[in-house]
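Geometric and topological summary
Chain by chain, the residues run as shown.
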Amino acid sequence: MGFLLLQERDIKTLLDMKEVIDVVELGFREEGLGRVQLPSKTYLYYGKHNGDMRTMPCYMEELDISAIKVVNVHPENRKRFGLPTIMGTVLLMDTSNGILKAIMGGTWLTAMRTGAASAVATKYLARPDSGVIGMVGAGVQARTQLMALKEVLPGIKEVRVTDTQKDTRDNFVEIMKNMLGLNVVPVGGVREAVKGADVVVAAVPSREPLIRGSWIEEGAHILAIGADAPGKEEFFPDIWRRVKIVVDDWKQASHSGDINVALAQGLIDRRNIWAELGEIVAGKKEGRTSESEITMFDSTGVAVQDTVTADLAYRKAIERKIGQELNIWLP
């Protein structure tokens, strides 16, 4: 009747990016086939603290796994408290009786599954020969984005990165060069980072647009992961008529993804959304169909990703005897 406690350090030991990409792709396929119960995120807004808290439940019917994630976003955490912007806790449930199977740190899990989702989208939407990556934002999310891209793009020649904080950018460059052996170079501004890039990673939770559509080359693929709440946006309005838009989840993306401001302003509507990623992975819709089209994946993060990744971590923990068994129901 007990449950397994997996701390953040355990999760970092257990999760391998290639394995996470594989299960996240499976998760999107299950969603695309309509075999997932996926209620929308619920939000609590802590206005006086410039932060929010979200709950994300999911039940994958065919795989018979279920989890709930509680996760915050506080952009000032690093500066004010020395804490990550995003921190999460995942509850993995036993579907046969409702008993808790595991509680696990969800901060690194969130970063890994977000990177993995971008890798899945890139597999279906980017040109396979993409070699130049332009990154706007150099935080923790950017690290796992690049880790994941290396798994699906074997021909990466150059990674350009910019960030408003020079020390964050330079730290990213040093760490990722050593970790991945890639040619990672710092650049001074957004235009320098994205101009001529085959894949553009936008990872800034901004409320002001940063990237102009005119800077994006034909044939590029965009990973828009920074916007995660209403009113946040990373792109100027001239982008929207140039891109083929794929979202992870229409309801969430329309509420809090990079498309949310453009929708509210009437620049685009539901007809401008090509597909949900699950539809493409499940074979219901095509991904990239030409060398010249510009594709965009608007990633808000869905509970499917958390559920399959938590299940992966749990199975590996049981196999390797990692974690602490606890029981809070004993009298």
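Refer to the preceding data block for the structure.
The structure presented is a predicted model; accordingly, all values stated were derived computationally and were not measured. Going along each chain's sequence as written, the residues are numbered from 1 onward. Under the rules for a predicted model, residues below a pLDDT of 70 receive no local features and side-chain atom pairs below 80 are neither given nor counted, while totals for whole chains, interfaces and linings still include all residues. Excluded from the side-chain calculations are hydrogens and water; all other atoms, namely the structure's heavy atoms, are used.

Turning next to helix H6 (residues 166–180). Secondary structure elements follow DSSP: runs of H or I of four or more residues count as helices, runs of E of two or more count as strands, with numbering from the N terminus. Under the convention used throughout, the expected extent of a helix is 1.5 Å for every residue step, that is, one less than its residue count. Its 15 residues place the ends of H6 21 Å apart at the C-alpha level, agreeing with the 21 Å of an ideal helix rising 1.5 Å per residue. Of the residues making up H6, those classed as buried are Arg 169, Phe 172, Val 173, Met 176 and Leu 180. Looking straight down H6, one finds its buried side chains confined to an arc of 100 degrees; they lie on one side. Facing away from the buried surface of H6 by more than 90 degrees, the exposed residues are Asp 167, Glu 174 and Asn 178. Note on contacts: a residue pair qualifies if any of its non-hydrogen atoms lie within 4.5 Å across the two residues. Packing partners of the buried residues in H6 comprise strand S8 (132–136), helix H5 (140–152), strand S9 (158–162) and strand S10 (184–186). Of the residues trailing H6, Gly 181 is marked for its positive phi of about 70 degrees. Under the scheme applied here, a residue whose accessible area is under 20% of the maximum for its type counts as buried, over 50% as exposed, and between as partly exposed, the area being computed with a 1.4 Å probe on protein chains only. In this context, the arc is that of the directions from the helix axis out to the C-beta atoms.

This part takes up the pattern of salt bridges. In the sections that follow, a salt bridge refers to a side-chain nitrogen of Lys or Arg positioned within 4 Å of a carboxyl oxygen of Asp or Glu. Evaluated as defined, the whole model comprises 19 salt bridges. Between Glu 76 and Arg 80 there is a salt bridge, with the nearest N and O atoms lying 3.9 Å from each other. With a shortest N-O distance of 3.4 Å, Asp 129 and Arg 127 are connected by a salt bridge. In this structure Asp 129 comes out as exposed when scored by relative accessible area, which is 53%. Exposure remark for Arg 127: the relative accessible area of 13% places this residue in the buried category.

Next up on the list: the packing of aromatic side chains. Under the pairing criterion, centres of Phe, Tyr and Trp rings, with the six-membered ring standing for Trp, must be within 6.5 Å; the plane angle then separates stacked pairs below 30 degrees from edge-to-face pairs above 60, leaving the rest tilted. This model, assessed by the stated rule, comprises three aromatic pairs. The interplanar angle of 80 degrees and the centroid separation of 5.9 Å between the aromatic rings of Phe 3 and Trp 329 together place this pair among those described as edge-to-face. Of this pair, Phe 3 sits in strand S1 (residues 3–6) while Trp 329 sits in the segment after strand S16 (324–326), and the two are 326 residues apart along the sequence. Judged by its relative accessible area of 5%, Phe 3 is buried.

Where helix H4 (residues 107–125) meets H5, the closest approach of the two axes is 8 Å, and the angle between their N-to-C directions is 40 degrees. Here H5 runs oblique to H4, going by the angle between their axes. Crossing geometry of H4 relative to H5 is assigned as right-handed. Facing Trp 108, Thr 110, Ala 111, Met 112, Thr 114, Gly 115, Ala 116, Ser 118, Ala 119 and Thr 122 of H4, the residues of H5 in contact are Val 140, Gln 141, Thr 144, Gln 145, Met 147, Ala 148, Leu 149 and Val 152. Between the N-to-C directions of two axes lies an angle of 0 to 180 degrees, each axis being a line fitted to C-alpha atoms and, for a helix, fitted only over the stretch in contact. For classification, angles of less than 35 degrees are called roughly parallel, those exceeding 145 degrees roughly antiparallel, those between 65 and 115 degrees roughly perpendicular, and all remaining angles oblique. By convention the crossing between two helices is left-handed if the near helix lies anticlockwise of the far one by an angle smaller than a right angle, and right-handed if it lies clockwise.

A few words on the sheet that holds strand S11 (residues 199–202). What the eight strands build is an open sheet, ordered S10-S9-S8-S11-S12-S15-S13-S14; its pairing is parallel. This sheet does not close on itself; its edge strands, each paired only once, are S10 and strand S14 (273–276). Strand after strand, the sheet turns through a mean of 20 degrees between neighbouring axes, direction not considered. What makes two strands pair is DSSP finding at least two bridges between them. One ladder, built from four bridges, connects S8 with S11; its direction is parallel. Residue pairing for S11: Ile 133 is matched across the bridge by Val 199.

Another point: the nonpolar core. Core analysis: the biggest nonpolar cluster contains 75 residues, and Met 104, Ile 133, Met 135, Leu 146, Phe 172 and Val 184 have the highest contact counts within it. Ranked by residues supplied to this core, first place goes to H4 with 10 residues. In this structure Phe 172 touches Met 135, Ala 138, Gly 139, Ala 142, Arg 143, Leu 146, Val 161 and Val 184, once residues within four positions along its chain are discounted. To define a nonpolar core, start from buried Ala, Val, Leu, Ile, Met, Phe, Trp, Tyr and Cys residues and group those joined through side-chain atoms within 4.5 Å. Ala 197, Val 200, Ile 273 and Met 296 belong to the second-largest nonpolar core, a separate cluster that totals 29 residues.

Let's shift gears to the environment of Ile 21. Counting through the fold element by element, Ile 21 comes out in helix H2 (residues 17–32). The sequence separation of Ile 21 and Ile 318 amounts to 297 residues, and the corresponding C-alpha distance is 21 Å.

Within the chain, Asp 64 stands out as a residue other than glycine whose phi angle is a positive 55 degrees. Note on placement: Asp 64 falls in the loop between strand S4 (51–60) and strand S5 (65–73). Residue Asp 64 is classed as partly exposed on the basis of its relative accessible area of 40%. Notably, Lys 321 is not glycine yet its phi reads approximately 55 degrees, a positive angle. Within the element layout of this structure, Lys 321 appears in the loop between helix H11 (303–320) and S16. Lys 321 sits in the exposed class, given a relative accessible area of 75%.

Further remarks concern the packing of H4 against H11. Viewed as axis vectors pointing N to C, H4 and H11 meet at an angle of 115 degrees, and their least axial separation amounts to 10 Å. What the angle tells us is that H4 and H11 run roughly perpendicular. Here H4 and H11 pass one another in a crossing that is right-handed. Here H4 contributes Leu 109, Thr 110, Arg 113, Thr 114 and Ala 117 to the contact with H11, which in turn contributes Gln 305, Asp 306, Thr 309 and Ala 310. By the convention adopted, Pro, Cys, Tyr, Trp, Phe, Met, Ile, Leu, Val and Ala count as nonpolar, Lys, Arg, Asp and Glu as charged, and the other residues, Gly among them, as polar. The residue makeup of the contact of H4 with H11, split by class, is three nonpolar, four polar and two charged.

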